[in-house]
Amino acid sequence: MRGTEPYQGMCLVDGWTHDLAEVARAARAWRDGVPLEEVRRAAPFVHLTGRFEVPDNDPVRLAASEWQGLRRKADEMEYEWREPYRTLVEAAHAEPALRALYPFTSHWVLRFSATTRPRLTLVGPCLTANSDGTYAVGTSMVASDLGLFATAGEAVACAVRHLPAGLGPVTPGE
C-alpha cells in the first residue's frame, strides 16, 4: 500500500501485508481523511514516511515536510554508512540557510532546490557522506571539488559559503 499527497505525489504512508482486511482498514482510514497517525493505528503494517500533509501546498511547509521525511529516512536506513549520512542530514537541517531550501536526494547525495517539486530549481553544492566517515562537497553529484571534510559541520559550512546570494524563501515549483 502507498498513499501520496496530491500536489507533489510524495509518499506519506506505505506498507506491505498479506492481510487484505488490514489493507481495507488502512484504505478506509485514508479515504476518510483521518490523521496519518490514526491510519497507522487502524492498520499497524502502515509505515509513516515522516512527511506530513500540507493541504494548502504552502512551499515553506512542503520544504519542512520534505526535511522531516528525509530525517526519518536517515534514521531508519540500514546501511553501514547510516551514521555519517544521518549526521550529514542533521547538520544540514540545523543550518538555517539550508533548512530554508527544499532538500532532496539522488543516489544518497543531498541536494537543494529554491523551488518545490515538481519543477526543482537546483541551488548550491552537493553534499555526500562517505563510508569512511568523511564528507564531500562538490559542484556535481560525484565531485568533491569544493572540499573533503572530517566533519559534517565543516561540509555544511562549506556548502553555505557556496550558496548563491539573494536566495529567498522556497517557492512553488510549478
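Chains are numbered independently. Their residues run from 1 in the order of the written sequence. Per-residue local features are limited, in this predicted model, to residues with pLDDT of at least 70; the limit for side-chain atom pairs, both in listing and counting, is 80 or more; totals at the level of whole chains, interfaces and linings are taken over all residues. Hydrogens and waters are ignored; side-chain quantities use all the structure's heavy atoms.

Undergrad: Sorry, what's going on with the overall build of the protein here?
TA: When its secondary structure is counted, the protein shows six helices and ten strands. With the principal axes as the frame, the protein shows a C-alpha extent of 55 × 35 × 20 Å. Think of it in three bands: residues with accessible area under 20% of the maximum for their type are buried, residues over 50% are exposed, and the middle band is partly exposed, with areas taken using a 1.4 Å probe on protein chains only. Per-residue burial over the protein gives 43% buried out of 174 residues. Contacts are residue-level and defined by heavy atoms, with any inter-residue pair within 4.5 Å sufficient. Counted over contacts in the protein with a minimum sequence separation of 6, partners at least 24 positions apart contribute 43%. Approximately 9,200 Å² of the protein is accessible, and the part contributed by carbon and sulfur atoms is 53%. When charges are tallied, Lys and Arg are placed among the positive residues and Asp and Glu among the negative ones, while His and the ends of the chain are skipped. The atom standing in for a charge is NZ when the residue is Lys, CZ when it is Arg, CG when it is Asp and CD when it is Glu. In the protein, 18 positive and 22 negative side-chain charges are present, and the distance between their average locations comes to 3 Å. A run of H or I in DSSP counts as a helix once it spans at least four residues, and a run of E counts as a strand once it spans at least two, with each numbered from the N terminus. In these tables, accessible area is a Shrake-Rupley quantity obtained with a 1.4 Å probe, and a residue counts as shielded only by the protein chains included in the view.

Undergrad: What am I meant to see in the sheet that holds strand β3 (residues 46-48) here?
TA: Strand pairing within a sheet occurs via backbone hydrogen bonds; the two strands may be parallel or antiparallel. With antiparallel pairing, the three strands of this open sheet are ordered in space as β1-β2-β3. Two strands lie at the open edges of the sheet, namely β1 (2-4) and β3, each paired on one side alone. Across this sheet, the average inter-strand angle for adjacent strands is 20°, counted without regard to direction. In this analysis, strands are considered paired if DSSP registers two or more bridges between them. Relative to β3, strand β2 (residues 11-15) is paired through three bridges, and the arrangement is antiparallel. Bridge pairing in β3 links V13 to L48. The axes are straight lines fitted to the C-alpha atoms, using for helices just the contacting stretch, and the angles between their N-to-C directions are given from 0 to 180°.

Undergrad: Would you mind showing me how to read the nonpolar core here?
TA: Nonpolar side chains tend toward joint burial in soluble globular proteins. Formed by 27 residues in total, the largest nonpolar core has its most connected members in Y85, L88, L98, F112 and L127. Contributions of two or more residues to this core are made by α3 (59-76), α4 (82-94), β5 (109-113), β7 (126-129), β8 (135-138) and α6 (152-161). Those residues within four positions of L127 in sequence are excluded, and the remaining contacts are L88, L98, W108, V109, L110, F112, A136, V137, A155, V156 and A159. Residue types Ala, Val, Leu, Ile, Met, Phe, Trp, Tyr and Cys, when buried and joined through side-chain atoms within 4.5 Å, form a set referred to as a nonpolar core. In terms of nonpolar packing, the next biggest core, distinct from the first, is built from ten residues, A29, L36, F45 and V46 among them.

Undergrad: Help me understand the packing of α3 against α4 in this model?
TA: Describing two packed helices takes the angle between their axes plus the distance from one axis to the other. One way to put it is that α3 packs onto α4 with a least axis distance of 9 Å and a crossing angle of 160°. Accordingly, the angle class assigned to the pair α3 and α4 is roughly antiparallel. Seen along the crossing, α3 lies across α4 with a hand that is left-handed. Packed against α3, whose contacting residues are W67, L70, R71, A74 and D75, the element α4 presents R82, Y85, R86, V89, E90, A92 and H93 at the interface. Residue composition of the contact of α3 with α4, by class: six nonpolar, one polar and five charged. Orientation categories follow fixed angle ranges, with anything under 35 degrees roughly parallel, anything over 145 roughly antiparallel, 65 to 115 roughly perpendicular, and all other angles oblique. If you view the pair so one helix is near and one far, a crossing is left-handed when the near helix is turned anticlockwise from the far one by less than a right angle, and right-handed when it is turned clockwise. Only Asp, Glu, Lys and Arg are considered charged in this grouping, and only Ala, Val, Leu, Ile, Met, Phe, Trp, Tyr, Cys and Pro are considered nonpolar; every other residue, Gly among them, is considered polar.

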